[in-house]
Amino acid sequence: MIENSQKIENILERMGETVIATTETVETLAAKMENLVEQVQEQEQQIQQQGYQIFALSESIQTLVDSQTESREQLTQLTYLIHTLVNSLNPQE
């Protein structure tokens, strides 16, 4: 009977150690999972911030294109006026 009690005690001890080891493993995995969730959230924020930056950049490029178009139109008008002035200063032959 003592031998059976010792076997049962050993089995219960091993079961207890297994439960403790499993609990520690689950806690470690939970901590790692929390860390991964935090990293994913940080990456989401970075991606969102990059989206805002891309939008601002595209708006700036559009403004630049509009300015360039306006400048080109003014240059065309100026060129026409200069041609007109030169033609008016040169006597027609």
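Located above this text is the structure these notes cover.
As a starting point, this report considers the structure included with it.

Cut-offs used in this document
- Residues numbered from 1 in each chain as written.
- Predicted model: local features only at pLDDT ≥ 70, side-chain atom pairs only at ≥ 80, totals over all residues.
- Heavy atoms only, no water.
- Helix = DSSP H or I, 4+ residues; strand = E, 2+ residues; numbered from the N terminus.
- Rg over C-alpha atoms; globule rule 2.2 N^0.38 Å.
- Buried < 20%, exposed > 50% of the residue type's maximum accessible area, 1.4 Å probe, protein only.
- Areas by Shrake-Rupley, 256 points an atom, 1.4 Å probe, with all protein chains shown as cover.
- Lys, Arg positive; Asp, Glu negative; His and termini not counted.
- Charge placed at Lys NZ, Arg CZ, Asp CG, Glu CD.
- Salt bridge = Lys/Arg side-chain N within 4 Å of Asp/Glu carboxyl O.
- Patch = residues over 30% accessible without salt bridge, like charges linked within 9 Å, V, L, I, M, F, W, Y side chains within 5 Å.

### Describing the overall build of the protein chain
- Looking only at helices and strands, one finds one helix and zero strands in the protein chain.
- For a compact globule of 93 residues, the expected C-alpha radius of gyration is about 12 Å, and the protein chain comes in at 40 Å, more than 25% above that figure.
- In terms of overall dimensions, the protein chain has C-alpha extents of about 135 × 15 × 10 Å along its principal axes.
- For the protein chain, buried positions account for 0% of its 93 residues.
- Roughly 9,100 Å² of accessible area belongs to the protein chain as shown, and the carbon and sulfur atoms make up 59% of that amount.
- For the protein chain, the separation between the mean place of its 4 positive charges and that of its 15 negative charges on side chains is 18 Å.

### Details of the pattern of salt bridges
- For the coordinates displayed, the defined rule picks out one salt bridge.
- E3 serves as the salt-bridge partner of K7, at 3.8 Å between the closest nitrogen and oxygen. Linking K7 with E3, this pair stays in helix α1 (residues 2–89), spanning four residues, or about one helical turn.
- Owing to a relative accessible area of 47%, K7 belongs among the partly exposed residues under this scheme.

### Overview of a nonpolar patch on the surface
- On the surface, a nonpolar cluster with roughly 410 Å² of combined accessible area is contributed by I8, I11, L12 and M15.
- Within the element layout of this structure, I11 appears in helix α1.

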